[in-house]
Amino acid sequence: MAFITLIVDGYCRWNAVNDGGKFFEREYEFYLNCGLALTSLLVYILTVLLILAVYHLITPYTKDLAKINYSTLIVGLLLSYCSRFVELGALLWGTPETQFLWFFVDLLYLLTSINALKVVSGLNSLQSTTVAIVAHTALHLVEFSPF
């Protein structure tokens, strides 16, 4: 499901830069946008893993931190990424008056990330929210980079 969401995310990015022309003329741009979507996802996951690893190193040993299963955490983060699949609906049924739907897709993604972090990592609500906001900020910095 995460792979399909990557393709949808790449397609939405590709469609946003509509320069005209047929698909075969812009096929390379599509693959670049799918690669950018993959890069954004990797930055998001690695940011969360880095923050949790540093938190685990600087915080004294506690029962909650000992229970972090990183493979389960990655699966949870990938499942929260799958909430971006809703972008396809926002793209297909969106009009200039309904551009606010993109904000709600991002909000849904943030909320599912917070819940995945809370359940899997054992962090409290404030810590999970902070980690998710930092990771989403890193993801959006990659998305809006000029590369």
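Residues numbered from 1 in each chain as written. Predicted model: local features only at pLDDT ≥ 70, side-chain atom pairs only at ≥ 80, totals over all residues. Heavy atoms only, no water.

### Regarding helix α7 (residues 125-143)
The cut-off we apply is this: Helical segments are the DSSP runs of H or I of at least four residues, strand segments are the runs of E of at least two, and each set is numbered from the N terminus. By definition here, a helix of n residues has an expected span of 1.5 Å times n minus one. Note on exposure labels: buried denotes an accessible area under 20% of the residue type's maximum, exposed denotes more than 50%, and partly exposed covers the range between, all computed with a 1.4 Å probe on protein chains only. Between two residues, a contact is recorded if the distance between any of their heavy atoms is within 4.5 Å.
For α7, with 19 residues, the first-to-last C-alpha span of 26 Å sits near the 27 Å given by 1.5 Å per residue. Listing the buried residues of α7 in full gives S128, V131, A132, A135, H136, A138, L139, H140, V142 and E143. Buried residues in α7 make contact with α1 (2-16), α2 (27-58) and α6 (101-121).

### Examining the packing of α1 against α2
Selection criterion: Convention adopted: a line fitted to C-alpha atoms gives each axis, helices being fitted over their contacting stretch, and angles between N-to-C directions are expressed from 0 to 180 degrees. An angle counts as roughly parallel when it lies under 35 degrees, as roughly antiparallel when it exceeds 145, as roughly perpendicular when it falls between 65 and 115, and as oblique in every other case. Left-handed is the label given to a crossing in which the near helix is rotated counterclockwise from the far helix by less than a right angle, and right-handed is the label when the rotation is clockwise. Any residue that is not Ala, Val, Leu, Ile, Met, Phe, Trp, Tyr, Cys, Pro, Asp, Glu, Lys or Arg is counted as polar, Gly included; the first ten are nonpolar and the last four charged.
Where α1 contacts α2, the axes come no closer than 8 Å and their chain directions differ by 125 degrees. Considered as vectors, α1 and α2 are oriented oblique to each other. The handedness of the crossing between α1 and α2 comes out as right-handed. In this structure, α1 contributes L6, I7, D9, G10, Y11, R13 and W14 to the contact, and α2 contributes E29, F30, N33, C34, L36, A37, L38, S40 and L41. Here the residues of the contact of α1 with α2 sort into ten nonpolar, three polar and three charged.

### As for the nonpolar core
This is how the line gets drawn: Throughout this description, the term nonpolar core refers to a set of buried Ala, Val, Leu, Ile, Met, Phe, Trp, Tyr and Cys residues connected via side-chain atoms within 4.5 Å.
With 21 residues, the main nonpolar core has Y44, V48, L73, L77 and L117 as its most contacted residues. At the level of secondary structure, the elements contributing two or more residues to this core comprise α2, α4 (70-81), α6 and α7. With seven residues, α2 is the largest single contributor of residues to this core. Contact partners of V48, with chain neighbours within four places excluded, come to L73, L77, L117, V131 and A135.

### A look at the packing of aromatic side chains
Filter applied, for reference: Pairing of aromatic rings covers Phe, Tyr and Trp, the last counted by its six-membered ring, and requires centre-to-centre distances within 6.5 Å; plane angles under 30 degrees mean stacked, over 60 mean edge-to-face, and any other angle means tilted.
Enumeration according to the criterion identifies seven aromatic pairs in this entry. Consider the rings of F100 and F104, whose centres lie 6.0 Å apart with planes at 90 degrees: the pair is edge-to-face. An aromatic cluster is defined as three or more aromatic residues linked by ring pairs; in this entry it consists of Y11, W14, F30 and Y31.

### Points about the side chain of H136
Tracing the backbone shows H136 in helix α7. Classification of H136 as buried rests on a relative accessible area of 5%. The contact partners of H136, leaving out residues within four places of it in the chain, are Y44, Y109, L110 and S113.

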